[in-house]
Amino acid sequence: MNKKRILLTGASGFLGSAVLEALIREENTEKIIVLDKEPPQIRGEYEFIEGDVTNIEVVNSIEPVEVIYHFAAIANLDDSIERNDELLQVNIMGLINILNLARETGIEKFMYASSMYVFNNIGNFYGVSKKCGELLVEEYSKNYGFDFVHLRYGSLYGKGAQQWNSIRKYITAILNEQKVEYWGTGEEKRDYIHIEDAATLSLEAMDEKYLNQALTITGQQTKSSKEIFEMIFEMLDM
């Protein structure tokens, strides 16, 4: 297999940094270029470009690559309503800028970080942006001759999670207050996957057999909110 030059956007985020670590370990990677507003706190060999995906000049300055992993996005559901203008600018217009880069430089594969929220209507503007994003990626792929993979992630957990990450919020609340405030019945079910497993599967998704498909990347077990709370209380011996 020929070694690939890879662009990773959003590399300082929870998922992006885990994928960056996996790419650094990957033997078939010739060069890694990362684009983000902040440098990733990851050791390894890669070129960091400071900038935002909404900045066309910065995006157009990036050298040609064979593969793009597009992870740059605003993903906090609270921000989905309060910052919807900014969210749509980053998640849609930023994506279009990266897709235009893909078109102009002739990439081979476009790996798009989507979400399980494309399946329902509870993701607010974030979910809408991911549904729209998948359609944009598919249309660019069809018209400009590159392959794609939609990576639809379940609920992620692990070291480095953002403060608004659900598992981190639950653990923090239980540690600090010995209780969790939760809106719902407790029977709502979600699929959870550890961040390192998600990163490993994200690299495996480059395989030819997954091209031009949408892949669900999540854990093998579905847990209700009540079951998650009980597990955390038990693990913390509270």
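Here, the structure is the one placed above.
Let me sum up the structure you'll find in this document. Remember, it's a predicted structure, so these values are computed and weren't measured experimentally. (Residues numbered from 1 in each chain as written. Predicted model: local features only at pLDDT ≥ 70, side-chain atom pairs only at ≥ 80, totals over all residues. Heavy atoms only, no water.)

Some remarks on the packing of aromatic side chains
What the rule picks out here adds up to five aromatic pairs. Seen in terms of ring centroids, tyrosine 69 and phenylalanine 71 are 5.9 Å apart; in terms of plane orientation they differ by 15 degrees. Their pairing is stacked. Accessibility expressed as a relative area gives 0% for tyrosine 69, which makes it buried. Look at tyrosine 117 and tyrosine 126: their rings are 6.1 Å apart centre to centre, the planes differ by 80 degrees, and that puts the pair in the edge-to-face class. The residues tyrosine 117 and tyrosine 126 share a single accessibility class, namely buried. Taken together, the ring pairs connect Tyr69, Phe71 and Tyr153 into an aromatic cluster. Between the NZ or CZ atom of arginine 103 and the centre of the ring of tyrosine 144, over which it lies, the distance is 5.4 Å. (Phe/Tyr/Trp six-rings, centres within 6.5 Å; stacked < 30°, edge-to-face > 60°. Buried < 20%, exposed > 50% of the residue type's maximum accessible area, 1.4 Å probe, protein only. Lys NZ or Arg CZ within 6 Å of the ring centre and 35° of its normal.)

Some points on the nonpolar core
Leu8, Val19, Tyr69, Phe71, Leu151 and Tyr153 are the most contacted members of the largest nonpolar core, which has 32 residues in total. Breaking this core down by element, the ones donating at least two residues are strand 1 (4-9), helix 1 (14-25), strand 2 (29-36), strand 4 (67-70), strand 5 (109-115), strand 6 (147-153), helix 7 (195-204) and strand 9 (213-217). Per-element accounting of this core gives the leading share, seven residues, to helix 1. Filtering out sequence-adjacent residues up to four positions away, tyrosine 69 remains in contact with Ile6, Leu7, Leu8, Thr9, Val19, Met111, Leu151, Ser202, Leu203 and Met206. (Core = buried A, V, L, I, M, F, W, Y, C linked by side-chain atoms within 4.5 Å. Helix = DSSP H or I, 4+ residues; strand = E, 2+ residues; numbered from the N terminus. Contact = heavy atoms within 4.5 Å.)

Quick look at the sheet that holds strand 4
Read across the sheet, seven strands follow the order 3-2-1-4-5-6-9 without closing on themselves; strand pairing throughout is parallel. Bordering the open sheet on either side are strand 3 (47-50) and strand 9, each of which pairs with just one other strand. Each strand axis lies, on average, 20 degrees off the axis of its neighbour in the sheet, ignoring direction. Sheet analysis places strand 6 next to strand 9, joined by five bridges and oriented parallel. Across the sheet, histidine 150 pairs through a bridge with alanine 214, a residue of strand 9. Lying over the sheet, helix 5 (residues 124-144) contacts strand 5 and strand 6, oriented at roughly 160 degrees with respect to strand 5. (Pairing = 2+ DSSP bridges. Axes fitted to C-alpha atoms, helices over the stretch in contact; angles between N-to-C directions.)

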